[in-house]
Amino acid sequence: MTASRAVPAPHASSLDLGGRTALVTGAAGGIGRACALRLAAAGAKVRAVDRDAAGLESLAEAARGLGGAVEPHVLDLTDLDAAELAAAGTDVLVNNAGLQLVRPIEEFPPDVFHTVLTVMLEAPFRLIRGALPHMYGQGWGRIVNVSSVHGLRASAYKSAYVAAKHGLEGLSKTAALEGASHGVTSNCVNPGYVRTPLVEKQIADQARAHGIPEERVLSEVMLQDSAVKRLIEPEEVAEAVAYLCGPQASFVTGTSLVLDGGWTAH
């Protein structure tokens with residue numbers, strides 16, 4: 001990819017999550033890794049969930065280097081009962097884990113569609129369900145669902161991903177309405193294309209689906225509708241997540257914080 005790289009902002013000093021436990025799914029890389037490090041830097045004890053054991057160990061080592069605390073938790077989110085149990089005692093929940101396959105609907109494997117919705121919609125429901133009793137009991141909690149511009153807009157060839165993200169938006173709003181009287185907020189963060197392995201891996205699929213060379217995918221597909229012609233960095237998304245966990249965002253709930261470079265301004 002040749003898009004210019006933004007310099008991530010330094011960690012803000014206003015967020016203090018000392019004494020709080022945060023759970024971040026898909027934490028071994030990309031947005032999840034950046035969120036885990038950001039929340040650990042704010043003083044939270046981070047429960048990092050992913051299937052990638054080596055990636056989690058690397059994350060924990062990086063957090064220790066920054067003086068933070070990350071507890072690796074190897075878990076496949078298709079094990080929904082285990083996911084719900086993992087969320088018990090959580091003060092901050094960041095539903096981030098995701099997967100992607102780019103195919104026309106008539107060629108989309110039904111088993112993959114099922115897996116995408118399980119990991120990206122049903123697992124967040126079970127994680128929220130597991131976290132809420134503790135949050136309600138203490139009268140405070142933060143749920144941040146890493147959605148996407150695709151939670152607000154559709155793109156061709158991404159039926160499972162778009163369906164899951166649209167569903168996540170509705171789940172997040174429902175959690176916000178139910179949690180408001182208990183001091184719990186629930187919001188979505190909606191980035192455009194982020195510089196992550198998930199995006200890197202879909203270039204070949206995008207090229208095949210659109211019938212264009214791979215080198216044209218970034219400009220002609222991924223960034224076509226973005227006014228800002230670059231990928232957003234994981235650290236930028238993590239700062240938005242951190243903002244929603246802070247005291248200044250206590251009145252922000254049931255909404256979507258859009259980081260799409262102007263995509264939805266059309």
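Up top you'll find the structure we're talking about.
Caption draft 1: The arrangement of the packing of helix H4 (residues 110-138) against helix H5 (residues 159-179) in detail. One can describe the packing of H4 onto H5 by two numbers: an axis separation of 8 Å at closest approach and a directional angle of 15°. When the axis of H4 is compared with that of H5, the two are roughly parallel. The hand of the H4/H5 crossing is right-handed. Residues Phe-113, Val-116, Leu-117, Met-120, Leu-121, Pro-124, Phe-125, Ile-128 and Tyr-136 of H4 lie in contact with H5, whose contacting residues are Ser-159, Ala-160, Tyr-161, Ala-163, Ala-164, Lys-165, Gly-167, Leu-168, Leu-171, Glu-178 and Gly-179.

Caption draft 2: Spatial organisation of the packing of aromatic side chains. The tally for this structure, following the rule as stated, stands at two aromatic pairs. Centre to centre, the rings of Phe-108 and Phe-113 are 6.1 Å apart; their planes meet at 85°, and the pair counts as edge-to-face. Residue Phe-113 is classed as partly exposed on the basis of its relative accessible area of 31%. One cation-aromatic arrangement involves Arg-20 over Trp-140; the distance from NZ or CZ to the ring centre is 3.9 Å.

Caption draft 3: Up close: the nonpolar core. With 37 residues, the main nonpolar core has Val-24, Leu-39, Val-46, Leu-59, Val-70 and Val-94 as its most contacted residues. Listed by contribution, the elements that provide at least two residues to this core are strand S1 (21-25), helix H1 (30-41), strand S2 (45-50), helix H2 (53-65), strand S4 (92-95), strand S5 (141-146) and helix H9 (234-245). Those residues within four positions of Leu-59 in sequence are excluded, and the remaining contacts are Ala-27, Arg-33, Ala-36, Leu-37, Ala-48 and Val-70. With 29 residues, the next largest nonpolar core counts Leu-80, Leu-93, Ile-143 and Leu-171 among its residues.

What counts as what
- Residues numbered from 1 in each chain as written.
- Predicted model: local features only at pLDDT ≥ 70, side-chain atom pairs only at ≥ 80, totals over all residues.
- Heavy atoms only, no water.
- Axes fitted to C-alpha atoms, helices over the stretch in contact; angles between N-to-C directions.
- Helix = DSSP H or I, 4+ residues; strand = E, 2+ residues; numbered from the N terminus.
- Parallel < 35°, antiparallel > 145°, perpendicular 65-115°, else oblique.
- Left-handed = near helix turned anticlockwise from the far one by under 90°.
- Contact = heavy atoms within 4.5 Å.
- Phe/Tyr/Trp six-rings, centres within 6.5 Å; stacked < 30°, edge-to-face > 60°.
- Buried < 20%, exposed > 50% of the residue type's maximum accessible area, 1.4 Å probe, protein only.
- Lys NZ or Arg CZ within 6 Å of the ring centre and 35° of its normal.
- Core = buried A, V, L, I, M, F, W, Y, C linked by side-chain atoms within 4.5 Å.

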